[in-house]
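Observations on the model geometry
Here is how the chains run, residue by residue.
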Amino acid sequence: MNYDLVINNGQVIVSKKGQLFSQNLHIGVTNGKIASLSSSPLSGQLTIDARHLHVLPGVIDSQVHFREPGLTHKEDLETGTRAAALGGVTSIFEMPNTKPPTTTREALEDKIKRAEGRAWVNFAFFVGAAQDNISSLRELEKSPGCSGVKVFMGSSTGSLLVEDDENLRQILRSGQRRVIVHSEDEYRLRERKHIADSAKSPLAHPEWRDAESAVRSTERLLRLARETHRPVHVLHVTTKEEIAILKEYKDIATVEVTPQHLTLFAPDCYETLGTLAQMNPPIRSKDHMEGLWKGLLDGTVDIIGSDHAPHTIEEKTKEYPQSPSGMPGVQTLVPIMLNHIHEGRLSLTKFVELVCENPRRVFGCTTKGQIEVGLDADFTLVDLKKQRRIENSWIVSRCGWTPFDGKHVTGWPTHTIVGGHLVMQDDHIIGTPQGQKVLFE
Ligand code: DOR
């Protein structure tokens, strides 16, 4: 059999009976699907020799902001997905706080149309919940290409906000899929905004948007989730207190953390990066960072997402708090986490659980997230020994910077394969955009 693509000699991360392990296998791909997993080398029209490499299911980044339409001076769907491909990410789920926000069928269909033929990786879009679209969420969440409904309980970039319990309850009652939530208590943020206004330094960011703001909001959300029996996914959790609470709510809530909250900590990050380290919810103390690691290793955390949220350097260097919150991350998620693997903080199979298997389970994209015959041929190949320095010059995101500029890492994505097409090899983009709409159960 002559396959379209074969990946020979790699250490392939496979799943058997719920256990992930690495096995020396040869992979044959036909028509964008995994057609063979073989113990002897295969031949195909294109052969990748993955000797010395690990072959992962394609990495899914389930939280990115790609800014199109309306804010394309920061990013667009072509540049954002190009950054994803260079960083070893094969699918992205994009956030609704664009301009206009993705709160209607027209806005969702417009985004899908814009992505088709321009996206380098697979894509799906979240619709935003707002006070005026609650009655249409049940239908909207069923649309092809929709990854679910997102709620901002605390305001961040853009105008989307549902701060009160009554509207939140209505949203949770309108539909079935897991609702994803930015959890910060808007009432407390408003009460404490004077802290940011008078400080004029990003060191005050985690004080304004303090741990209690996150905890209060998450407690309210979890109560409502239990009351309405609606599953929720708490995005970018930042406090050790929330991890302890969420551990008791695994029946109804899944949990995301970001690489930046696992890597950077206050006050150091604000002293070295200034407003570049400003994001919502904030980077907090080392103590909270260690709490997130604990939650990651004990199974409380389900997913690592980048919260890729690019702003231009000009915007970011405005005086705090006029500086916008958010930092890019889709291109650095894999290298940063591989470096944590190198440093012994987690295993490669745990990483695969967090960025492949669990996104598949949590969001129901069942043709992805595992290496198995019949599933989509999305792969992330990584060299666990490769040493590199992350640099702004490598970043292809339109914003052109990363908070990790200058960081030495061990572990690097070497190939990105999307639907059987090689789109990145050794830091070069190859061919034409091949991303397809992600399908959900
Ligand atoms: O820091 C953030 N930036 N947090 C968010 O929730 C939104 C994001 C953005 O879109 O800029």
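The coordinates are above.
I will try to describe carefully the structure that is included in this document. (Residues numbered from 1 in each chain as written. Predicted model: local features only at pLDDT ≥ 70, side-chain atom pairs only at ≥ 80, totals over all residues. Heavy atoms only, no water.)

1. Some thoughts on the pairing of strand E2 (residues 19-30)
Strand direction decides the pairing type here: strand E1 (residues 2-16) and E2, joined by 10 bridges, are antiparallel. Bridging from a neighbouring strand, Leu 5 pairs with Val 29 of E2. Joining the antiparallel neighbours E1 and E2 is a turn of two residues, in which Lys 17 adopts a positive phi near 50°. Bridge analysis of E2 against strand E3 (residues 33-38) gives five bridges, and the strand direction is antiparallel. Among the inter-strand pairings, Thr 30 is bridged to a residue of E3, identified as Lys 33. Linking E2 back to E3 in an antiparallel pair, the connection comprises two residues, with Asn 31 at a positive phi of about 50°. (Pairing = 2+ DSSP bridges. Helix = DSSP H or I, 4+ residues; strand = E, 2+ residues; numbered from the N terminus.)

2. Points about the layout of surface pockets
Approximately 400 Å³ is the volume found for the largest pocket. Along the walls of the largest pocket sit 20 residues, with Glu 141, Arg 177, Phe 363, Phe 440 and Glu 441 positioned nearest its centre. Those elements that provide at least two residues to the lining of the largest pocket are strand E9 (146-152) and helix H14 (348-363). When residues of the lining of the largest pocket are assigned to their parent elements, the largest contribution, three residues, is made by H14. A class-by-class count of the residues in the lining of the largest pocket yields seven nonpolar, six polar and seven charged. By volume, the second largest pocket is sized at about 230 Å³. Along the wall of the second largest pocket there are 16 residues; nearest its centre are Asn 122, Lys 368, Asp 376, Gly 419 and Gln 436. Taken together, the residues of the lining of the second largest pocket sort by class into three nonpolar, eight polar and five charged. (1 Å grid on protein atoms, 1.4 Å probe; cavity = no way out; pocket = protein on both sides within 12 Å on 5 of 7 lines; lining within 4 Å. Points joined across faces, edges and corners; volume = space filled by probe spheres on them. Nonpolar A, V, L, I, M, F, W, Y, C, P; charged D, E, K, R; others polar.)

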